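What follows is the residue order along each chain.
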Amino acid sequence: MYRNKEYDRSERYLKQALAVFRKVKGDEDFETATALNNLQYLYTATEQYGKAEAAAREALDIARGLFAEDHSTVLLLSKNVATVLSAKGDLDGALAIREEVLEKTRQSVPEGDPRIVKALLPYAQDLLASGNATSAEKLLRESVEIREESLPDNDWRKDSARSLLGECLVRLNRFAEAEALLVPSLEGLRSTLGDTDPKTSEATLRLVALYEAWEKPDLATKYREVDTKEDPSEGN
C-alpha cells in the first residue's frame, strides 16, 4: 500500500498490526520482528530515518535472540539497518555493518554463490558514496564475475552489475574501460527492462556522467536527451 504513496493510511495499519503481534505473540516473537521491519520500510520510504532506524534495530535485536548470527534473517535485517544508516548519511556506521554482513555471508554459503552478491553490491555502493572507489572496484568485479557465471545471458541483473562497475571506473578516471561496460549494459537493460525502468534511467545517467567527466559534451547531451524524454505514463 505504501508503495502507492498512501503513507498515512499505511502507517496506521502497520502500527495496528505491530500492536496486535506484540499483544498476542510478545515483544520477542518473529512476527513482531516482521511487523517492525515492515514499518521500517515505510519510514525509510518517507525519509523518517530516526523512526526507521529504531524499528530496524529492534527487529534485528529480536532476530538475534531467535537465530544464529549467520542466519539469513539476521543478515537481511542487518542489511536493512545499514541501508537506513546510509540513507541518513552515516556511511561509517553503514560500512561497518556491510563489512560484517559480507564476512558472515561468505562463511555461510559456498564460494561463488549468488547470495554473496546481495552483500557485495550494497557494500560497494556505500564505498562509492564514501569516495572509496578503489575498494569498491574489487567488490564490483567479484559481483560481475558471480553473476556472469550464475545467471542466464539475458538476465538484467548482469547488466545492472556491469553498469555499476562502469560507474566505479568513471570515478577512477578510467574512462575507456568504463565506456566499454556502460554502453552495452545500457543496451541490455533497455532490451530486458525497457527505456522507462528506473534501472535503465540510472544506467543512462551513468553514461552522461562518463562523457561529462571525459569532456565529450556531444555524447553527454545525446544520452541526457534520451533520459529526459517524457515518460508516456505521466499525466495519465
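Calculation notes
- Residues numbered from 1 in each chain as written.
- Predicted model: local features only at pLDDT ≥ 70, side-chain atom pairs only at ≥ 80, totals over all residues.
- Heavy atoms only, no water.
- Phe/Tyr/Trp six-rings, centres within 6.5 Å; stacked < 30°, edge-to-face > 60°.
- Helix = DSSP H or I, 4+ residues; strand = E, 2+ residues; numbered from the N terminus.
- Buried < 20%, exposed > 50% of the residue type's maximum accessible area, 1.4 Å probe, protein only.
- Lys NZ or Arg CZ within 6 Å of the ring centre and 35° of its normal.
- Expected span 1.5 Å × (residues − 1).
- Contact = heavy atoms within 4.5 Å.
- Salt bridge = Lys/Arg side-chain N within 4 Å of Asp/Glu carboxyl O.
- Arc of directions from axis to C-beta.

Colleague: Residues and numbers for the packing of aromatic side chains, please.
Modeller: If you walk through the whole model with that rule in mind, you get four aromatic pairs. Measuring from ring centre to ring centre gives 5.9 Å for F175 and W214, while their planes differ by 35°; the resulting arrangement is tilted. Of this pair, F175 sits in helix α9 (residues 175–193) while W214 sits in the loop between α10 (198–213) and α11 (217–227), and the two are 39 residues apart along the sequence. Seen from their ring centres, Y211 and Y223 are 5.9 Å apart, and the 15° between their planes marks the pair as stacked. Placement of the pair is Y211 in helix α10 and Y223 in helix α11, with a sequence separation of twelve residues. Across this residue pair, the class does not change: Y211 and Y223 are buried. By the ring-pair criterion, three or more aromatic residues cluster together here, those being F175, Y211, W214 and Y223. For R12, the ring lying beneath its charged end belongs to Y13, and the centroid distance is 5.7 Å.

Colleague: Give me helix α6 (residues 117–129): which residues, what numbers.
Modeller: Since the α-helix packs 3.6 residues into each turn, any two residues three or four apart lie on the same face. The terminal C-alpha atoms of α6 lie 18 Å apart, and with 13 residues this matches the ideal 18 Å at 1.5 Å per residue to within 8%. Counting buried positions along α6 gives ten out of 13 residues, so the element sits mostly inside the fold. Buried residues of α6: V117, A119, L120, L121, P122, Y123, A124, D126, L127 and L128, and no others. The secondary structure elements touched by the buried residues of α6 are α4 (72–87), α5 (91–108), α7 (133–150) and α8 (156–171). Immediately beyond the C-terminal end of α6, within one or two residues, lies G131, with a positive phi of roughly 95°.

Colleague: Residue-level account of the pattern of salt bridges, with values.
Modeller: Summed over all chains, the structure comprises 27 salt bridges. Two residues, D27 and R22, come together in a salt bridge whose shortest N-O distance is 3.2 Å. A relative accessible area of 40% means that D27 is categorised as partly exposed. Connected via shared salt-bridge partners are E148, D153, K158, D159 and R162.

Colleague: Lay out the environment of R147 in plain terms, naming residues and giving numbers.
Modeller: One can find R147 in helix α7. Among the residues examined, R147 registers a relative accessible area of 14% and is labelled buried. Each C-alpha atom, one on R147 and one on T204, is 21 Å from the other, the two residues being 57 residues apart in sequence. Leaving out residues up to four positions away in the same chain, R147 has contacts with V117, L121, R157, K158 and A161.

Colleague: Please provide a residue-by-residue account of helix α1 (residues 7–24), values included.
Modeller: For α1, built from 18 residues, the straight-helix expectation of 26 Å at 1.5 Å per residue is met to within 8% by its first-to-last C-alpha distance of 26 Å. Residues of α1 that are buried include every one of S10, E11, L14 and L18, and no others. Here the buried residues of α1 occupy an arc of 95° about the axis, which is enough to place them on one side. Facing away from the buried side of α1 by over 90 degrees, the exposed positions are D8, K23 and V24. The secondary structure elements touched by the buried residues of α1 are α2 (30–45) and α3 (49–66). After α1 finishes, the residue G26 shows a positive phi value of roughly 105°.

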